[in-house]
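Overview (structure and organization)
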Amino acid sequence: MSFILVINCGSSSLKFSIIDPANGEAKIQGLAERLSSPEAKLKTKFSEGTSHETALPNAGHLEVLEEILHEMGSLKIVGVGHRVVHGGEAFKDSVRINEGVIQGIDDCRELAPLHNPANLIGIQAAMQKFSEVPHVAVFDTAFHQTMPPRAYLYAIPYGLYEQYKARRYGFHGTSHRFVAEEAAKLLQKPLEELHLITAHLGNGCSACAVREGHSFDTTMGLTPLEGLVMGTRSGDVDPNLHDFLARRLNSDLAGVTSILNRESGLLGISGLSNDMRTLVDAVGDGNARASLAVDVFCYRLAKSILGLSAALDRIDALIFTGGIGENSKPVRARTVANLRVLGASLDEALNEENGKSAQGRITNQDSGLLALVVPTNEELVIARETARFLTLTPVR
Ligand code: ADP
């Protein structure tokens, strides 16, 4: 049997999944964290249900891949799929990686200074360790390259777009695409006939207007800071807030950007946590700031969904996905309640069981808006894309 290795590489982390292209099952998956520090470690989980943790003091990405090779035993890898955050305007689809592609990803470094260099470290290390097989880059931004100019342009001098490519790109493309395709299967309708809004709510959050299978607008922009309220990211703010806070805090712009990325969102408002589970529990205990954070999160989500509807003729379904979207009943309930202008009405029993029956539906039969829960699987999309380039049997 042959497998595809899927790699999602951060500057000090490496997430991997070894997927059987015949059935899409993850044979082994794991996460290496705190790389290049004395606490570096790799946690590995096997499909049989066993798992273990290996300390790898001071290991970097190469050493982790070495360890993964060791864990794989006799499993044969036929291709490696890499998650790459930013493909700019250059990459409208997944590509097989060669020197030119590496240069292209590097050229997008300015657009994603935290992510693309880290993704490249993973690509280069993996190409060294798995030199015999094809490597494929799958971009978070590629799905959104179908957005029309009215959705992707900022209303700033056009020359700044032309010269610096300062525009909206959007992220989480693999997830939006996957859940839109899954929703079409659930609804038993061709994706090409559906107008959908997908809400990926994890640590990062974004929503997307998917019209006939293509992204027509999304909430994230030049960077993943724009749009919805997230775990530690503010989402939309007045652009003048940067200047205002920089003066008050006697900080530079980078300092304010860091606050908006790392100290804001659910964590910033609640002062307690960026984790939705913790906040919902705290709301139950009467914590007012946690309640405020959840309230702002759900209101802003509903407001963005209504904004995205301008890209569609109708909303055939709203899809919740990601750690929060798939699991947080109160977030879905409040968001649906905030969409009453569309006549949305929740089926409390279906919402309670996370839409696991009635084909993912969480709204009533007579609701003016159909809302579904559809679990995402970004690794599977990357494996499928990689398989496509290997001319293997497509992953089902
Ligand atoms: P990432 O964006 O890193 O892939 P996930 O999609 O795993 O993140 O989502 C992480 C978020 O999901 C966290 O905010 C976490 O609180 C939330 N989450 C996970 N399980 C639950 C749950 N049962 N109830 C509420 N929130 C949950």
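Parameters at a glance
- Residues numbered from 1 in each chain as written.
- Predicted model: local features only at pLDDT ≥ 70, side-chain atom pairs only at ≥ 80, totals over all residues.
- Heavy atoms only, no water.
- Helix = DSSP H or I, 4+ residues; strand = E, 2+ residues; numbered from the N terminus.
- Rg over C-alpha atoms; globule rule 2.2 N^0.38 Å.
- Buried < 20%, exposed > 50% of the residue type's maximum accessible area, 1.4 Å probe, protein only.
- Contact = heavy atoms within 4.5 Å.
- Core = buried A, V, L, I, M, F, W, Y, C linked by side-chain atoms within 4.5 Å.
- Near = heavy atom within 4 Å.
- Polar contact = N/O pair within 3.5 Å; in protein donor to acceptor, adjacent residues only side chain to side chain.
- Areas by Shrake-Rupley, 256 points an atom, 1.4 Å probe, with all protein chains shown as cover.
- Nonpolar A, V, L, I, M, F, W, Y, C, P; charged D, E, K, R; others polar.
- Salt bridge = Lys/Arg side-chain N within 4 Å of Asp/Glu carboxyl O.
- Patch = residues over 30% accessible without salt bridge, like charges linked within 9 Å, V, L, I, M, F, W, Y side chains within 5 Å.
- 1 Å grid on protein atoms, 1.4 Å probe; cavity = no way out; pocket = protein on both sides within 12 Å on 5 of 7 lines; lining within 4 Å.
- Points joined across faces, edges and corners; volume = space filled by probe spheres on them.
- Phe/Tyr/Trp six-rings, centres within 6.5 Å; stacked < 30°, edge-to-face > 60°.
- Lys NZ or Arg CZ within 6 Å of the ring centre and 35° of its normal.
- Pairing = 2+ DSSP bridges.
- Axes fitted to C-alpha atoms, helices over the stretch in contact; angles between N-to-C directions.
- Parallel < 35°, antiparallel > 145°, perpendicular 65-115°, else oblique.
- Left-handed = near helix turned anticlockwise from the far one by under 90°.

1. Thoughts on the overall build of the protein
The number of helices and strands found in the protein is 15 helices and 13 strands. The C-alpha atoms of the protein give 21 Å as radius of gyration, which agrees with the globular expectation for 396 residues (21 Å, within 12%). Oriented by its inertia axes, the alpha-carbon framework of the protein measures out at about 55 × 55 × 45 Å. For the protein, with 396 residues in total, the buried portion stands at 51%. Of the contacts made within the protein by residues no fewer than 6 positions apart, 61% connect residues no fewer than 24 positions apart.

2. As for the nonpolar core
Among soluble globular proteins, nonpolar side chains are generally buried collectively. By size, the foremost hydrophobic cluster in this structure holds 41 residues, and its most contacted members are L201, F297, L318 and F320. At the level of elements, β9 (195-201), β10 (205-211), α10 (276-284), α11 (288-308), β12 (317-321), α13 (329-338) and β13 (371-373) are the ones that each hand at least two residues to this core. If one sorts the elements of this core by residue count, α11 sits on top with nine residues. If sequence neighbours within four positions are ignored, L318 has contacts with I197, I305, L339, L369, L370, A371 and L372.

3. With respect to the site of the ligand
Taken together, the residues surrounding the ligand are G202, N203, G204, N274, D275, M276, R277, G322, G323, I324, N327 and S328. Residue D275 places a side-chain N or O atom 2.4 Å away from an oxygen atom belonging to the ligand. One of the side-chain N or O atoms of N327 is found 3.4 Å from a nitrogen atom in the ligand. Here the ligand loses 69% of its free accessible area of 580 Å² to cover by the protein chains. Those elements giving two or more residues to the shell around the ligand turn out to be α10 and α12 (322-327). Its residues assigned to classes, the shell around the ligand shows two nonpolar, eight polar and two charged.

4. Here we look at the pattern of salt bridges
Taken as a whole and assessed by the stated rule, the structure comprises 21 salt bridges. Note that R83 and D140 form a salt bridge whose closest N and O atoms lie 2.6 Å from each other. Of this pair, R83 sits in strand β6 (residues 76-84) while D140 is found in the loop between β8 (135-139) and α4 (149-152), placing the two residues 57 residues apart along the sequence. Here K165 makes a salt bridge to E89, at a shortest N to O gap of 3.2 Å. Taken together, the residues span a long stretch of sequence, with K165 in the loop between α5 (158-164) and α6 (173-187) and E89 in the loop between β6 and β7 (95-96) at a distance of 76 residues.

5. Focus: the environment of N8
Positionally, N8 belongs in strand β1 (residues 2-9). Spatially, the C-alpha atoms of N8 and A118 are 9.3 Å apart, while their sequence positions differ by 110 residues. Beyond its immediate sequence surroundings of up to four residues, N8 is in contact with S13, L14, K15 and R83.

6. Some details on a nonpolar patch on the surface
A surface patch of nonpolar side chains, amounting to about 280 Å² of accessible area, comprises I156, L160 and Y164. Tracing the sequence through the fold places Y164 in helix α5.

7. A few points about the layout of surface pockets
Taken as a whole, the second largest pocket spans an internal volume of roughly 460 Å³. Along the wall of the second largest pocket there are 16 residues; nearest its centre are Y154, L222, E226, V237 and P239. Tallied by class, residues from the lining of the second largest pocket come to eight nonpolar, five polar and three charged.

8. Re the packing of aromatic side chains
With the rule as written, the count across this model stands at three aromatic pairs. Consider the rings of F91 and F139, whose centres lie 4.5 Å apart with planes at 10°: the pair is stacked. Of this pair, F91 sits in the loop between β6 and β7 while F139 sits in strand β8, and the two are 48 residues apart along the sequence. A centroid spacing of 5.9 Å and a plane angle of 50° characterise the contact between Y152 and Y161, whose relative ring orientation is tilted. Taken individually, Y152 and Y161 each receive the classification buried, so the pair is uniform in this respect. What links up through ring pairs into an aromatic cluster is the set Y152, Y158 and Y161. In this structure, K165 packs its charged tip against the face of Y161, placed 5.4 Å from the ring centre.

9. Some remarks on the sheet that holds β1
Taking strand neighbours across the sheet as the criterion, the eight strands line up as β5-β4-β3-β2-β1-β6-β8-β7 in an open arrangement whose pairing is mixed. The open sheet has two edge strands with one neighbour each: β5 (51-55) and β7. Note: strand β3 (residues 26-33) against strand β4 (residues 41-46), six bridges, orientation antiparallel. Each bridged residue has a counterpart across the sheet, and for I28 the counterpart in β4 is F46. Across the face of the sheet, helix α3 (residues 116-129) comes into contact with β1, β6 and β8 while running at roughly 165° to β6.

10. Description of the packing of helix α7 (residues 241-249) against helix α8 (residues 253-262)
Their axes nearest at 9 Å, the elements α7 and α8 cross at an angle of 110°. Here α7 lies roughly perpendicular to α8, going by the angle between them. Between α7 and α8 lies a crossing of right-handed hand. Judged by residue contacts, L241, H242, L245, A246 and L249 of α7 engage L253, V256, T257, I259 and L260 from α8.

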